[in-house]
Amino acid sequence: MTEHVAQQVQAYQVLQGRGVERVITGQFVTDGAGVKINRVLTQNLQRRLDPFLMLDAFGSDKPGDYIAGFPEHPHRGFETVSYMIKGSMRHRDSAGHEGLISDGGVQWMTAGRGVAHSEMPEQTEGLMEGFQLWLNLAAKDKMTAPWYRDIPAGEIPRFSTADGVTVQVIAGSSHGVQGAVQRAHTEPLYLDIELPANATFEQPIPPGHNAFIYVFRGQAVVDEQNVPQARMAILANSADADGVRIVAAQATRLILIAGRPLNEPIAQYGPFVMNTQDEIRQAVADFQAGLFKA
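This one's a predicted model, so the numbers in the text were calculated from it and none came from an experiment.

Student: Before we go on, may I ask you to explain the pattern of salt bridges in this structure?
Tutor: Enumeration over the complete set of coordinates arrives at 17 salt bridges. For R76, the salt bridge is made with D286, and the minimal N-O distance between the two is 3.1 Å. Taken together, the positions of R76 in the loop between β6 (70–75) and β7 (78–86) and D286 in helix α2 (residues 277–288) put the pair 210 residues apart, joining distant regions of the chain. Given the relative accessible area of 5%, R76 is considered buried. One salt bridge in this structure joins R281 and D278, with 2.4 Å as the shortest N-O distance. You can see R281 and its partner D278 sitting in helix α2, 3 residues apart, about one turn around the helix. When its relative accessible area of 55% is taken as the criterion, D278 is described as exposed. Here the residues in one salt-bridge network are R90, R92, E98 and E122, joined through shared partners.

Structure follows, in structure tokens:
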């Protein structure tokens, strides 16, 4: 993960852990200019995993799989969280922002009322690996001004437990450590967790929040349910559960994501996510009229 690990913290004790509702195998698709990705959170899971709209996992050491990148494309009505495990990606957008995220870095972008941006690899060899998560915005926030922040790896809070688990807190909070980003309305939790073999990690999650894990190294066990590498486990909602208990069947690395559902209508047309079809038609018209060039 990284050699810069923060203070050791006292392990949190979950009284009643969530179980696994189901294990999901992603769909391999191409996006952007032909980039091969594993779409793990697909459109048919948006209601179940509200406020999250999509999770893409990508990883290849073949430049032909990623070098074409994601040329300029529009977004409206949600946030994108791009997390680079390995490799470098250059971001440029129509609001005049530009940045580079590389090994361990995160870019958090609020598309709001509309932005057109590109995400292009800045390497021609080596491993490119990471995730892009789409986080919905509440109806009242969908037309907010676009915003983004690049967060280098060194600015992401991290800690270790007595069990040897290392955690990076991208959003929310864990074991008293505040993450790099906070969102009051959706309260997202985004953790990158690395566990030695047989180690256990416990994380509180409010009962009303939707939550899932994605294992990208090794194999995790949640409530006696195995979650293999390259699989997502949707964590069961239960009024009695106060969190999740994760055990590593072998050396394992995963992301844990949770958030407070918006419970609002979802209308999506490609890169536009609004609440009604009329709002979608307006988004398309605004983009065609060049109004995303703020």
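Student: Help me understand the side chain of E129, please; the structure alone is not making it clear to me.
Tutor: Relative to the helices and strands, E129 resides in strand β12 (residues 128–136). Separated by 2.8 Å, the side chains of E129 and R217 make a polar contact.

Student: Is there a simple way to think about the layout of surface pockets in this case?
Tutor: Gaps left between atoms show up when a probe the size of a water molecule is rolled over them. Here the largest pocket is characterised by a volume of approximately 530 Å³. Lining the largest pocket are 31 residues; nearest its centre among them are D31, R39, M54, Q132 and W134. Sorting the residues of the lining of the largest pocket by element identifies β4 (35–41), β5 (52–60), β6, β7, β8 (89–93) and β12 as the ones contributing at least two each. Each residue belonging to the lining of the largest pocket can be placed in one class, and the counts come to 14 nonpolar, 12 polar and 5 charged. Reported here for the second largest pocket is a volume of approximately 280 Å³. Residue lining of the second largest pocket: 17 residues in total, with F28, N38, A57, F58 and G59 positioned closest to the centre. Those elements that provide at least two residues to the lining of the second largest pocket are β4, β5, β12 and β20 (210–217). For the lining of the second largest pocket, a count of residues per class yields 9 nonpolar, 5 polar and 3 charged.

Analysis parameters
Residues numbered from 1 in each chain as written. Predicted model: local features only at pLDDT ≥ 70, side-chain atom pairs only at ≥ 80, totals over all residues. Heavy atoms only, no water. Salt bridge = Lys/Arg side-chain N within 4 Å of Asp/Glu carboxyl O. Helix = DSSP H or I, 4+ residues; strand = E, 2+ residues; numbered from the N terminus. Buried < 20%, exposed > 50% of the residue type's maximum accessible area, 1.4 Å probe, protein only. Polar contact = N/O pair within 3.5 Å; in protein donor to acceptor, adjacent residues only side chain to side chain. 1 Å grid on protein atoms, 1.4 Å probe; cavity = no way out; pocket = protein on both sides within 12 Å on 5 of 7 lines; lining within 4 Å. Points joined across faces, edges and corners; volume = space filled by probe spheres on them. Nonpolar A, V, L, I, M, F, W, Y, C, P; charged D, E, K, R; others polar.

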